[in-house]
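Listed here are the chains, written in short residue letters.
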Amino acid sequence: MTDIRPMLCAAALLLANVPPSSWSADPEVLRPRVPAAEIDAVRQITNPLPATPGIIEQGRRLFEGKAFCRACHGADGKGLGGDIEPGSLKGPLPRNFTDKDWQAARTDGELFWILKNGSKGTAMAPFIPLVLTEEEAWQVLRYVRSFGQP
Ligand code: HEC
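Computed from a predicted model, the values in this text were never measured in an experiment.

Undergrad: Which residues make up the site of the ligand, and what are the values?
TA: Taken together, 23 residues lie around the ligand, and Cys69, Cys72, His73, Ser119 and Met124 are the ones closest in. Contact distances for the ligand include 2.9 Å between an oxygen atom and a side-chain N or O atom of Trp102. Between Arg106 and the ligand, the recorded distance is 2.6 Å, taken from a side-chain N or O atom to an oxygen atom. When contributions to the shell around the ligand are tallied by element, the ones reaching two or more residues are α5 (69-73) and α7 (108-117). The residue inventory of the shell around the ligand, partitioned by class, reads 17 nonpolar, 3 polar and 3 charged.

Below, the structure is given as structure tokens:
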């Protein structure tokens, strides 16, 4: 009979080497979420709303209120909302919006796509149209972008 113990040890070592996915500059975080067939078109889309204090404030109200983004992404946008029980989320952690590498890697079109489609296999669900209208989604994204500002 084969001894599977060495194989189990190897598997445990592999798992131990997987870093938490919210770390900055983690290639898994930067990997595009939009499917390859759509990404060129999606990346061209820009936010139709200007980054005025009024729009950002409307986005903040949605983020903290009816769209409950705060529950997972946190009031500080760092991706560990107060409602998250450690170990309760299956899959990757909510995105850390203060990660400058991630902010630079994504266009507005990609963020909007996520709000429409969610991120398959993770806790990030689609919010348009059930929770947010498209206009509200653009407002909330202005607030998400504000976490990347100094
Ligand atoms: C139930 C928890 C949960 C809630 C509520 C939630 N998110 Fe997320 N979000 C996640 C997780 C988990 C990820 C990471 C998904 C991944 O790695 O693909 C994520 C990722 C994202 C991303 C990054 C996708 C990318 O391209 O890297 C954006 C943008 C985002 N969320 C915006 C929002 C907004 C805006 C709201 C509120 C309308 C919201 N999320 C509500 C859990 C949540």
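Okay, back to it.
Undergrad: Lay out the coordination of the iron atom of the ligand in plain terms, naming residues and giving numbers.
TA: Coordination of the iron atom of the ligand by the protein comes from His73 (NE2) and Met124 (SD), over a distance range of 2.0 to 2.2 Å. Coordination at the iron atom of the ligand is octahedral, judged from the 6 donor atoms that bind it and the angles of 86 to 179° they form at the metal. You can see His73 sitting in helix α5 and its partner Met124 sitting in the loop between α7 and α8 (134-146), a full 51 residues away along the chain.

Undergrad: Give me helix α4 (residues 53-64): which residues, what numbers.
TA: What sets the pattern is the α-helix's 3.6 residues per turn: residues three or four places apart point alike. End to end, α4 covers 16 Å across 12 residues, agreeing with the expected 16 Å (1.5 Å per residue, within 8%). All of the buried residues along α4 are Ile55, Gly59, Leu62 and Phe63. Around the axis of α4, the buried residues are gathered within 100° of arc, so they sit on the same side. Those residues of α4 that are exposed and aimed more than 90 degrees away from the buried face are Pro53 and Arg61. Elements in contact with the buried residues of α4: α5 and α8.

Undergrad: Help me get a handle on the packing of aromatic side chains, residues and values and all.
TA: Throughout the structure, instances matching the rule amount to 8 aromatic pairs. Between Phe68 and Phe127, the ring centres sit 5.5 Å apart and the planes meet at 55°, which makes this aromatic pair tilted. Of the two residues, Phe68 sits in the loop between α4 and α5 while Phe127 sits in the loop between α7 and α8, which places them 59 residues apart along the sequence. Relative accessible area serves as the criterion here: at 10%, Phe127 is assigned to the buried category. Between the aromatic rings of Phe112 and Trp138, the centroid separation amounts to 4.2 Å while the plane-to-plane angle is 5°, which identifies the pairing as stacked.

Calculation criteria
Residues numbered from 1 in each chain as written. Predicted model: local features only at pLDDT ≥ 70, side-chain atom pairs only at ≥ 80, totals over all residues. Heavy atoms only, no water. Near = heavy atom within 4 Å. Polar contact = N/O pair within 3.5 Å; in protein donor to acceptor, adjacent residues only side chain to side chain. Helix = DSSP H or I, 4+ residues; strand = E, 2+ residues; numbered from the N terminus. Nonpolar A, V, L, I, M, F, W, Y, C, P; charged D, E, K, R; others polar. Donors = N, O, S within 2.8 Å, 3.2 Å for Na, K, Ca; no water. Tetrahedral: all angles 85-135°; square planar, octahedral: opposite > 155°, others 65-115°. Expected span 1.5 Å × (residues − 1). Buried < 20%, exposed > 50% of the residue type's maximum accessible area, 1.4 Å probe, protein only. Arc of directions from axis to C-beta. Contact = heavy atoms within 4.5 Å. Phe/Tyr/Trp six-rings, centres within 6.5 Å; stacked < 30°, edge-to-face > 60°.

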